[in-house]
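Structure assessment
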Amino acid sequence: MKIQSNFMGLSLLSVLMLCMPCYFWLTDYHWALNQHVGHSDESLFWIVFTQTGSPPYAVITILILLILLLYLTRKSYRWQTVVIVCAVSLGTTQAIKSGIKQLVTEPRPYVAQMQTTGYLQSFDLTEKSYYQLKKKERAPIVRDRTAIADEWLVTDYQATELGYSFPSGHTIFAVSWLLLAVGFLAKNRTAVAWLFQAALTIWAAAILYSRVWLGMHYPIDLFVSILLAWVVHLILFGLCVPHWEKKFQIIPKEHQPKSDR
């Protein structure tokens with residue numbers, strides 16, 4: 001019953017997250033640098049917001065979310081269990097992301113636009129040769145491609161994100177935290193637990209939106225990243241955690257049923 005509950009919860013929230021890339025497809029959204037002209041406040045908001053999933057600021061996000069999750073699961077799981085599962089979740093998903101990025105080598109949307117507008121050609125570069133440059137050589141090419149202040153705000157940020165597009169590490173990071181909360185709090189019906197999961201849902205959806213709006217990812221990057229996070233957490237909460245519950249005493253003794261003590 002518990003495994004079924006976790007499957008339903010993890011799947012439901014994953015489907016909800018999939019609505020974001022579907023929204024971009026349905027609206028036929030295509031990123032362009034000039035869309036940011038006259039929207040400097042909006043650009044700044046999404047740049048600051050997306051940084052909650054970017055190193056080194058993501059460390060602060062991890063600490064805050066981990067502390068909150070530990071508090072909410074204090075009667076259900078030992079703190080060591082929560083920490084280990086969170087570490088396995090983040091480590092596994094980010095390792096998979098890094099491996100796929102190096103295999104697929106998909107240019108980011110803003111790089112594709114630099115190619116189609118002929119900007120890269122002015123440096124005798126193609127998308128492929130651009131990515132062969134060192135990061136310190138790529139950064140000024142990205143940053144200085146406009147003199148318009150509203151656009152420069154975005155290109156200045158893009159110059160800090162010089163890797164490949166597919167899949168999205170920010171999406172995997174945000175959705176993983178959402179699914180960790182759903183998995184651990186499946187039986188927690190308190191208002192605080194529901195509020196925590198609702199806040200995480202909004203935060204994760206906003207992270208996904210920011211990645212496309214800032215020209216960092218295509219909708220397909222988000223779509224596949226959500227599915228990757230879903231599969232990893234189905235394995236974690238469907239197989240690993242139940243196995244550890246049987247093999248180790250991961251529920252605090254004072255909160256175990258009397259018959260199990």
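The following refers to the structure shown. (Residues numbered from 1 in each chain as written. Predicted model: local features only at pLDDT ≥ 70, side-chain atom pairs only at ≥ 80, totals over all residues. Heavy atoms only, no water.)

For the protein, the helix and strand inventory stands at 11 helices and 0 strands. N-terminal to C-terminal, the α/β element order of the protein is α-α-α-α-α-α-α-α-α-α-α. Reported as C-alpha extents along the three principal axes, the dimensions of the protein are approximately 75 × 35 × 30 Å. In the protein, which comprises 261 residues, the proportion classed as buried is 49%. If you take every contact in the protein between residues at least 6 apart in sequence, the share linking residues at least 24 apart comes to 78%. About 13,300 Å² of surface is accessible on the protein, with carbon and sulfur atoms providing 67% of the total. In the protein, 22 positive and 16 negative side-chain charges are present, and the distance between their average locations comes to 18 Å. (Helix = DSSP H or I, 4+ residues; strand = E, 2+ residues; numbered from the N terminus. Buried < 20%, exposed > 50% of the residue type's maximum accessible area, 1.4 Å probe, protein only. Contact = heavy atoms within 4.5 Å. Areas by Shrake-Rupley, 256 points an atom, 1.4 Å probe, with all protein chains shown as cover. Lys, Arg positive; Asp, Glu negative; His and termini not counted. Charge placed at Lys NZ, Arg CZ, Asp CG, Glu CD.)

Let's shift gears to unusual backbone geometry. A cis amide bond links Pro55 to the next residue, Pro56, at an omega of 0°. With a phi close to 55°, Asp124 is a non-glycine residue in the positive phi region. Mapping Asp124 onto the fold places it in the loop between helix H5 (109–116) and helix H6 (127–132). Classification of Asp124 by relative accessible area gives exposed; the value is 72%.

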